[in-house]
Amino acid sequence: MTMIYIHEFSTGIEVKRTPGGGWESGGFTGKYINCTRDIPQQILNAISSGEFSLSEGGLPEKPAMVGRQVGGYSVVAVVSRGRDDRGRSLPLYRYFWCEGKDYIEAILRWKDKLPVFDPDNKPPSTGHRLNPDSQTVQLDKFREYLHDSSPTIVISPKKRCQPLILNAIAKERAKKQGEDYSWAYNVAALENPWYFQVIYPASSEAEALFREVLARRPRDSVFISGEGEIKTAIKAIIKGRVKPEHINNLEIALANPKVDEKFWNKLLDGQAASKAYKDKIYSETMVMLLTLKAILIPKFLPDFLMWMQTAPKPDDCWESCHKLQASILAEYKKNTPSLPSLTRNINDGIYSLLSRLITTPKSSQSDSKIKHKLRGLVHSKVDIPQLVKATQSLLNENDGLWSLVYYLYFAKDLADSLTQIPDLWQPGIITDYSEEKAEFLTHLQPFWKYPRKTDKKYLPLAQLFEELSFPHFAAIFYQISTGNVPQNIFNQVSPKRGVKKGTLFEMTLIRQKGWGDHLHSALDAGIDFVTENLILIIRVMVIGLLLVGGIGLTTIGIISLIANQSNKATQASTTDTNNQETLTEISYENKGRFHRTNEAIKAMITNLTPDINKLTPEQLTTIGIRDNVQDNQMYIVLFCVKRRLELEPEFQYGEIGKDNERWQEFSDAIRKYQEAKGANTPDGVIDEGGRTQKWLEEDIRNQCLNPPDGG
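Along every chain, residues carry numbers that run from 1 in the direction the sequence is written. At least 70 in pLDDT is required for a residue's local features to be given in this predicted model, at least 80 for side-chain atom pairs to be given and counted, and no such filter applies to totals for whole chains, interfaces and linings, which use all residues. The basis for the side-chain values is all heavy atoms of the structure; hydrogens and waters are excluded.

(A) Representation of the packing of helix α17 (residues 435-449) against helix α19 (residues 471-482) within the structure. Between N-to-C directions, angles span 0 to 180 degrees; the directions come from axes that are lines fitted to C-alpha atoms, helices contributing only their stretch in contact. Helical segments are the DSSP runs of H or I of at least four residues, strand segments are the runs of E of at least two, and each set is numbered from the N terminus. Viewed as axis vectors pointing N to C, α17 and α19 meet at an angle of 65°, and their least axial separation amounts to 11 Å. Note that α17 runs across α19; the crossing there is left-handed. Seen from α17, the contacting residues are Phe440, Leu444, Phe447 and Trp448; seen from α19, they are Ile476, Phe477 and Ile480. Residues of the contact of α17 with α19, tallied by class, amount to 7 nonpolar, no polar and no charged. Less than a right angle of anticlockwise turn of the near helix away from the far helix marks a crossing as left-handed, whereas a clockwise turn marks it as right-handed. Contacts are residue-level and defined by heavy atoms, with any inter-residue pair within 4.5 Å sufficient. All amino acids are sorted into three groups, where Ala, Val, Leu, Ile, Met, Phe, Trp, Tyr, Cys and Pro are nonpolar, Asp, Glu, Lys and Arg are charged, and the leftover types, Gly among them, are polar.

Below you can see the structure in the form of C-alpha cells.
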C-alpha cells in the first residue's frame, strides 16, 4: 500500500507572550515556522503570487480554507484570525502539502478539522504519514455546478457545503478542461477571486461582493497555473542568472493556450517593460528585459530592434541583448528537442521581422528626427533600411538565439512554406500556421496567383537574404520585387549554366539579361531547379554556418560553392541534360553536432590568433602555410586542426556540413583524437570551452605553431 507524508509550515511571526499565558504577534519575521521539510520553490512562488491570499478584511470569524494544485504538489491552507501586540487582527496561515497533485482530498480527510495556526504546535520533523485512500463524495445536490461554464463558480452560502464537496466539484471541472484546480472555502474576500474555480463565501454579503467583483473581472485576469514561477524566471533571466528550471517554466507557459500577449505584457510591465520602451531607458537591465519580451511576444521583435537602433549608443544595447541571449542559449542548446514552444516563438519572431520589412510605415512628425539618426539608408522608407541592417546583425550574430534558430529551423521552415503557397487557397490550410507566419505568407500569395505581378517593397528581403548567403530566398524576392533575378544569384541556384529561366518553389524565375545573352538565345527553354528536397538551400545554409571570417570569407565560400556546382553542371550537360546535382542531406542530429563543433572552431581561431601573429612569414612557410594565405588565421587554424586530427591535407573543412558522410569522416577523426587523449566518453564533437578544444589549442600551440619542432 502506498503511503504519503503530509508536511506543513506556518506564517513566521515574532511570538509575544500575554499575561494570561497566550500569545500575540510582535510582527512578521519573513521566514516560515514549524516546517517539517524544505518548502518546494513552486509552492513558495504560488504564495508570493497571491494564489492563497485573503484580502484585507476578508477573514471571517471561523477559519477559511484554500485548496490548490501547485505544479506537482497538493496544498491546503487554513487561514485563521490572530492579533498583534496593538490589538489589530491579522490573517495567519498554516499550510499542509504533499508530493503529488491528487492528494488534496487525502489532506482534507486526514483529520475531521485541520488544525489552525499555533506557534506552539510543533509537528513531527518527518511530517504526517497517511494512507491516501480515496472515497466517493456525494454531489447530488451540487450537480448543476458541474455543468456551469462560468470561469469561477460562486456557490450560495445558503447551501450547506464542505471543503470535500468544493474539492470534488473543482476536480471534475479541471478534468474536463485539462488544467490544475483550486477552490476557496468560507472566505469573505480574496485578493484574486478569478484565480479560483469554485468559491464558497462566508456570508450572503460576501457572495454579493464576489459576484460583483467577478462581473467586473479584468480581461487580463485569467489565472495561469505556476504564474509565480514564471515571474521568478523572468526576474532571474533579466539578471543573467538563468537556470534550467527558468527555461522550463517559460516553455510550459508558452505551451499553455491561456497564455497570450496580454498575460506576458502584464508580467513584463510589472518589471517596467512598457515604461522602458516608451521613455527610452537603455540601461542593461531594461535592454535585457525588452530582449526577453521580444522572445516571448514575437510581434514585438521589429519594434525592439528599432528601439535599440535609435539609442544614443546602439552598440551598448546590442551587447546587453547578446548577453541575455547567451545566458539563455547555454540552457537552450542542452534542451533544444524538448523546447518546441520556445523555438516556435523565436521562429515566429523572424516571420514578424520579414512582414515588417515589407510593410510601409506610417509617417509621423518624428520621422525626420528618426531618419536623421539612421545610418546606411538604401531607400527612402523611414525605418525599413535600418531594420534590414538590424535584422542582418541579429541573424548573423555569433552565439545568438535568433541566429541559431534561423539557421537550424527557420530556413527549412520558410522553404517548406514557400512550396505550400500555391495550396494556401485550400480552406483551413493557412489557419494551421501561427499569426506571424500566416501574415507573411498571406502577403506572398498574390505573386503566385498572378505571376507577372511585382512590388518593389520586397527588395529589402532580397537584399537581406543575399547578405545572409541564402541565394534561393534572395532569388524569389528579387523576382517578386524587380521581375528578374541578378545573374550572380541566378547562377547560384541553378544547377546548370547558360539558361535564362527556371522554376523555384513553383515560381518562374527570369535571369537578368547580360552581355552574352544574344549568344545563347537558343538555350532559353527553361529548367527545373532543385526544390523538392531543398538540397541546395541546406548546402548554402551549412556554408553560412561554417564561415567565420567576415565578408571576404563568405565570398570565398560562395565562389567555392559556385565553382563546384558549375563543374558538376558542365559534366552533367555532356551526358544527360536532365541530370541534376544531388546530395545526401545532413541529419538533424549531425547538424546540431556540426554547429557545436563550428562554434568551438571559431573560439579556437580567436584564441590562437595572437600566437599566429607572432610568427614571421618564414616561420609560417616552414610550418607549411602558403604565401597567399599567411594572413588568413582561419586557414592556418584549420590547417593545424587537420594535422592534429591526422586528416589528409586536401580534406576540405568547408565540406563537412554538406552531408552525413562528410561530417562523419571529420567526427571519426575527432573521436580517434579524443580516445588518444584518454577521454572517458569520446563523442566525436568539439564543444566550445570543452576539453577537446583545450587539448587541440595546446597541441597546436606546442606543435603545429612551433617551427623548430617541425610542426
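Structure's up, so let's keep going.
(B) Local environment of the packing of aromatic side chains. Each pair of aromatic rings taken from Phe, Tyr and Trp, with Trp reduced to its six-membered ring, is defined by centres within 6.5 Å and is described as stacked if the planes are under 30 degrees apart, edge-to-face if over 60, and tilted in the remaining cases. A complete count under the given rule lists 32 aromatic pairs for this structure. On the numbers, 6.5 Å between centres and 25° between planes, the contact of Tyr635 with Phe639 is stacked. You can see Tyr635 and its partner Phe639 sitting in helix α25 (residues 633-644), 4 residues apart, about one turn around the helix. A residue is classified by how much of its surface remains accessible, and Tyr635, at 25% relative accessible area, is partly exposed. These aromatic residues form a ring-pair network of at least three members: Tyr351, Tyr406, Tyr407, Phe410, Phe440, Phe447, Tyr458, Phe465, Phe470, Phe473, Phe477 and Phe505. Counted as over-ring charges are cases with an Arg CZ or a Lys NZ within 6 Å of the ring centre that also lie within 35 degrees of the ring normal. Sitting above the plane of the Phe142 ring, Lys159 keeps its charged end 5.2 Å from the centroid. Its guanidinium or amino end placed over the ring of Phe300, Lys293 lies 4.5 Å from that ring's centre, counting from NZ or CZ. The buried label applies to any residue whose accessible area, calculated with a 1.4 Å probe on protein chains only, is under 20% of its type's maximum; exposed applies above 50%, and partly exposed to all values in between.

(C) Structural context of the packing of helix α16 (residues 401-420) against α17. Where α16 meets α17, the closest approach of the two axes is 11 Å, and the angle between their N-to-C directions is 45°. With respect to α17, the axis of α16 lies oblique. Once α16 is placed against α17, the crossing between them reads as right-handed. Two secondary-structure elements touch here, α16 through Asp413, Leu414, Ser417 and Leu418 and α17 through Lys437, Phe440, Leu441, Leu444 and Trp448. Partitioning the contact of α16 with α17 into residue classes produces 6 nonpolar, 1 polar and 2 charged. Should an angle fall under 35 degrees it is taken as roughly parallel, and over 145 as roughly antiparallel, whereas 65 to 115 is taken as roughly perpendicular and any remaining angle as oblique.

(D) Geometry of the sheet that holds strand β6 (residues 89-99). Strand order in the open sheet made by the 8 strands is β7-β1-β6-β5-β4-β9-β10-β8, with mixed pairing throughout. Edge positions in the sheet fall to β7 (128-130) and β8 (153-154), since each of these pairs with one other strand and no more. Summarising the sheet, strand β4 (residues 64-70) and strand β5 (residues 73-83) pair through 7 bridges and their orientation is antiparallel. In the strand pairing of β5, Gly67 is matched with Val76. On the sheet, helix α4 (residues 163-177) packs against β4, β8, β9 (182-187) and β10 (198-201) and is oriented at approximately 155° with respect to β9. Two strands form a pair only when DSSP identifies at least two bridges running between them.

(E) Focus on a positive patch on the surface. Think of a patch as exposed residues, more than 30% relative accessible area, with no salt bridge, where like charges cluster within 9 Å and nonpolar side chains (Val, Leu, Ile, Met, Phe, Trp, Tyr) cluster within 5 Å. Computed by Shrake-Rupley with a 1.4 Å probe, the accessible areas treat only the displayed protein chains as cover when residues are assessed. Note on definitions: salt bridges are taken to be side-chain nitrogens of Lys or Arg within 4 Å of carboxyl oxygens of Asp or Glu. Residues scored as charged are limited to Lys and Arg (positive) and Asp and Glu (negative), so that His and the chain ends carry no count. Throughout, a charge is located at the NZ atom of Lys, the CZ atom of Arg, the CG atom of Asp or the CD atom of Glu. A cluster of basic residues, Lys235, Lys239, Arg241 and Lys243, forms a positive patch on the protein surface. Position of Arg241 relative to the elements: it lies in the loop between α6 (227-237) and α7 (244-255). Under the relative-accessibility criterion, Arg241 is labelled exposed at 52%.

(F) How the structure looks around the pattern of salt bridges. Using the criterion set out here, one finds 30 salt bridges in the structure. Among the ionic pairs, Glu207 bridges to Arg211, the shortest N-O distance being 3.1 Å. Of the two residues, Glu207 and Arg211 both sit in helix α5 (residues 204-215), 4 residues apart, roughly one turn of that helix. According to the relative accessible area criterion, Arg211 is partly exposed, its value standing at 41%.

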